[in-house]
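As a plain string of letters, each chain reads:
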Amino acid sequence: MTQTNEPFRTDTLKELTGQFESWGFTDIRSPHLLDRYPSTRTVGGFQPDMTFKKYNVQFIVEVETREILDREETWEEWLVYSDRVKEVKGCFWILVPQGQGFDFIRKINEMR
């Protein structure tokens, strides 16, 4: 995580939690919003930006910006999260700033 990413991450997570609570999501956790929620549990040694549940379905959320695209550990982390949600029939979301989605899609396709 970089400092330039932190304001975007925190603002995005705050906005999401308000929406998720109103939609009935439960067990919301985030290490970036400790004033309101408990920290996330580690998954395969990594700590997600947010986790929550709905109807017993586990969701893992990562909030990222373009700066992380070339960091190998980011891809390792995402693969761990992806594998975990497949095991529990959950969902893994990567949230990026508007206008950066294409860069992420291109990089993810390169990983295949």
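Calculation criteria
- Residues numbered from 1 in each chain as written.
- Predicted model: local features only at pLDDT ≥ 70, side-chain atom pairs only at ≥ 80, totals over all residues.
- Heavy atoms only, no water.
- Helix = DSSP H or I, 4+ residues; strand = E, 2+ residues; numbered from the N terminus.
- Rg over C-alpha atoms; globule rule 2.2 N^0.38 Å.
- Buried < 20%, exposed > 50% of the residue type's maximum accessible area, 1.4 Å probe, protein only.
- Contact = heavy atoms within 4.5 Å.
- Areas by Shrake-Rupley, 256 points an atom, 1.4 Å probe, with all protein chains shown as cover.
- Lys, Arg positive; Asp, Glu negative; His and termini not counted.
- Charge placed at Lys NZ, Arg CZ, Asp CG, Glu CD.
- Phe/Tyr/Trp six-rings, centres within 6.5 Å; stacked < 30°, edge-to-face > 60°.

**Q** What exactly am I supposed to notice about the overall build of the chain here?
**A** The helix and strand tally for the chain stands at three helices and four strands. Its helices and strands taken in sequence order, the chain reads α-β-β-β-α-β-α from the N to the C terminus. For 112 residues, the compact-globule estimate of 2.2 N^0.38 gives 13 Å, and the C-alpha radius of gyration of the chain, at 14 Å, lies within 12% of that figure. Each principal axis of the C-alpha distribution contributes one length, and for the chain these read about 35 × 30 × 25 Å. By the burial criterion, 40% of the 112 residues in the chain qualify as buried. Pairs at least 24 residues apart make up 54% of the contacts formed inside the chain by residues separated by at least 6 positions. With an accessible surface of roughly 6,700 Å², the chain has 52% of that area assigned to carbon and sulfur atoms. Averaging the locations of the 15 positively and 19 negatively charged side chains of the chain gives two centres separated by 6 Å.

**Q** I would appreciate a short explanation of the packing of aromatic side chains in the present structure.
**A** Remark: the centre distance and the inter-plane angle together describe each pair of aromatic rings, the angle taken between the planes. What the rule picks out here adds up to 13 aromatic pairs. Ring geometry for Phe20 versus Phe52: centroids 4.3 Å apart, planes at 40°, classification tilted. One end of the pair, Phe20, is in helix H1 (residues 5–22); the other, Phe52, is in strand S2 (residues 50–54), and 32 residues separate them in sequence. Exposure remark for Phe20: the relative accessible area of 2% places this residue in the buried category. By relative accessible area, Phe52 is classed as buried at 0%. Measuring from ring centre to ring centre gives 4.7 Å for Phe52 and Phe59, while their planes differ by 10°; the resulting arrangement is stacked. Comparing Phe52 with Phe59, the two get one shared label, buried. Taken together, the ring pairs connect Phe20, Trp23, Phe25, Phe52, Phe59 and Trp93 into an aromatic cluster.

**Q** Sorry, what's going on with unusual backbone geometry here?
**A** Note: most peptide bonds trans; most residues except glycine with negative phi. Residue Tyr55 is not a glycine yet carries a positive backbone phi of 50°. Positionally, Tyr55 belongs in the loop between S2 and strand S3 (57–63). Residue Lys89 is not a glycine yet carries a positive backbone phi of 55°. With respect to the helices and strands, Lys89 occurs in the loop between helix H2 (72–88) and strand S4 (91–95).

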